[in-house]
Amino acid sequence: MPETPVIGVLALQGDVREHLTALATADAVARPVRRPEELAEVDALVIPGGESTTISKLAVLFGLLEPLRERVRGGMPVYGTCAGLILLADKILDPRSGQETIGGIDMIVRRNAFGRQNESFEASVDVAGLGPVEGVFIRAPWVESVGAAAEVLAEHEGHIVAVRQGDVLATSFHPELTGDHRMHGMFVDMVRAKVRAKAAAGAR
């Protein structure tokens, strides 16, 4: 059925299994994506946390970086958490050598802005349209600023931690680690609307 979207999870690094579980709980068909041919078969993609520099280098190694950029430019819905948020930024304030982004959101991000691994924490974040959501912040980035096309969905302690631009969604935190799957539900709803619109356009 077109109402059941197929959503991939970029499976190069990070908590892939938790995202697959959260997406399945939100009534999507969830698949790991490691190769360009697997990317071509999904309606949307989740980019998990991990180390953003490592993920970008692995994406190049697996031949995925340019196909990812092309799909995002073409309107594929994407949701990035933590490192995924960094990869979806059009600009990184303090990039490491060789680090590239996929882009998709007109925002500037700061890596590891909330501190090191031992300063990780869990906090309730008030997300527009959802209300309080429990999020885990692990070496988390924050968004320094956004362009006119980007919508700020949440802030924590005065810093932007959730952003949406069109069909691209990004959070500084990890909702997949808490058992609260409403962020994934929001994303699945975005994807389902896109799939329905595409199907309706094809039926005309």
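See above for the structure.
About the cut-offs
Residues numbered from 1 in each chain as written. Predicted model: local features only at pLDDT ≥ 70, side-chain atom pairs only at ≥ 80, totals over all residues. Heavy atoms only, no water. Helix = DSSP H or I, 4+ residues; strand = E, 2+ residues; numbered from the N terminus. Rg over C-alpha atoms; globule rule 2.2 N^0.38 Å. Buried < 20%, exposed > 50% of the residue type's maximum accessible area, 1.4 Å probe, protein only. Contact = heavy atoms within 4.5 Å. Areas by Shrake-Rupley, 256 points an atom, 1.4 Å probe, with all protein chains shown as cover. Lys, Arg positive; Asp, Glu negative; His and termini not counted. Charge placed at Lys NZ, Arg CZ, Asp CG, Glu CD. Phe/Tyr/Trp six-rings, centres within 6.5 Å; stacked < 30°, edge-to-face > 60°. Arc of directions from axis to C-beta. Polar contact = N/O pair within 3.5 Å; in protein donor to acceptor, adjacent residues only side chain to side chain. 1 Å grid on protein atoms, 1.4 Å probe; cavity = no way out; pocket = protein on both sides within 12 Å on 5 of 7 lines; lining within 4 Å. Points joined across faces, edges and corners; volume = space filled by probe spheres on them. Pairing = 2+ DSSP bridges.

A. How the structure looks around the overall build of the chain. Scanning the chain from N- to C-terminus turns up six helices and 12 strands. Taken over the C-alpha trace, the chain has a radius of gyration of 16 Å; the compact-globule value for 204 residues is 17 Å, and the two agree within 12%. A principal-axis box enclosing the C-alpha atoms of the chain has dimensions of 50 × 40 × 35 Å. Looking at the chain residue by residue over its 204 residues, the buried ones come to 52%. Partitioning the contacts of the chain with sequence separation of at least 6, the portion at a separation of at least 24 is 65%. Carbon and sulfur atoms form 49% of the exposed surface of the chain, whose accessible area is close to 9,000 Å². Treating the 21 positive side-chain charges of the chain as one cloud and the 27 negative ones as another, the clouds have centres 5 Å apart.

B. Geometry of the packing of aromatic side chains. Under the counting rule described, the total for this entry stands at six aromatic pairs. For the ring pair Phe 114 and Phe 121, a centre distance of 5.8 Å and an interplane angle of 70 degrees mean the geometry is edge-to-face. Where Phe 137 meets Phe 173, the ring centres are 5.6 Å apart and the plane angle is 50 degrees; that geometry is what we call tilted. Taken as a pair, Phe 137 in strand E8 (residues 131-137) and Phe 173 in the loop between strand E12 (168-171) and helix H6 (182-203) lie far apart in primary sequence, 36 residues in all. Residue classification places Phe 137 among the buried residues on the basis of a relative accessible area of 1%. Overall, Phe 173 belongs to the buried group, its relative accessible area being 0%. An aromatic cluster is defined as three or more aromatic residues linked by ring pairs; in this entry it consists of Phe 114, Phe 121, Phe 137, Trp 142 and Phe 173.

C. Just helix H3 (residues 52-61), in detail. Every buried residue belonging to H3 is among Ser 52, Thr 53, Ile 55, Ser 56 and Ala 59, and all of these are buried. Down the axis of H3, the smallest arc covering the buried residues is 165 degrees, so these residues share one side. Contact partners of the buried residues in H3: strand E1 (6-10), helix H4 (65-73) and helix H5 (83-87). At the N-terminal end of H3, a side-chain oxygen is found 2.9 Å from the backbone nitrogen of Thr 53, two or three residues along, and the residue is Glu 51. Among the residues trailing H3, Gly 63 stands out with phi positive, at a value near 70 degrees.

D. Representation of the side chain of Arg 192 within the structure. Looking at the element boundaries, Arg 192 is found in helix H6. A relative accessible area of 14% places Arg 192 in the buried class. Beyond its immediate chain neighbours, meaning those up to four positions away, Arg 192 contacts Glu 3, Pro 5, Ala 26 and Asp 27.

E. Quick look at the environment of Leu 20. Among the structural elements, Leu 20 can be located in helix H1 (residues 16-25). Residues Leu 20 and Val 9 lie 11 residues apart in sequence; the distance between their C-alpha atoms is 6.8 Å. Those residues in contact with Leu 20 that lie beyond four places of it in its chain are Val 9, Ala 30, Arg 31 and Pro 32.

F. Main features of the layout of surface pockets. Of the volumes computed, that of the largest pocket is approximately 210 Å³. What lines the largest pocket is a set of 13 residues, and nearest its centre among them are Val 42, Asp 43, Arg 71, Met 76 and Lys 198. Broken down by element, the lining of the largest pocket gets its largest block of residues, four residues, from H6.

G. Structural view of the pairing of strand E11 (residues 159-165). Among the seven residues that make up E11, five are buried, leaving the element largely enclosed by the rest of the structure. Alignment of strand E10 (residues 151-156) against E11, held across five bridges, turns out to be antiparallel. From the neighbouring strand, Glu 155 faces E11, where its bridge partner is Ile 160. Here E11 runs beside E12; their pairing, made up of four bridges, is antiparallel. Bridge pairing links Ala 162 to Thr 171 in E12.

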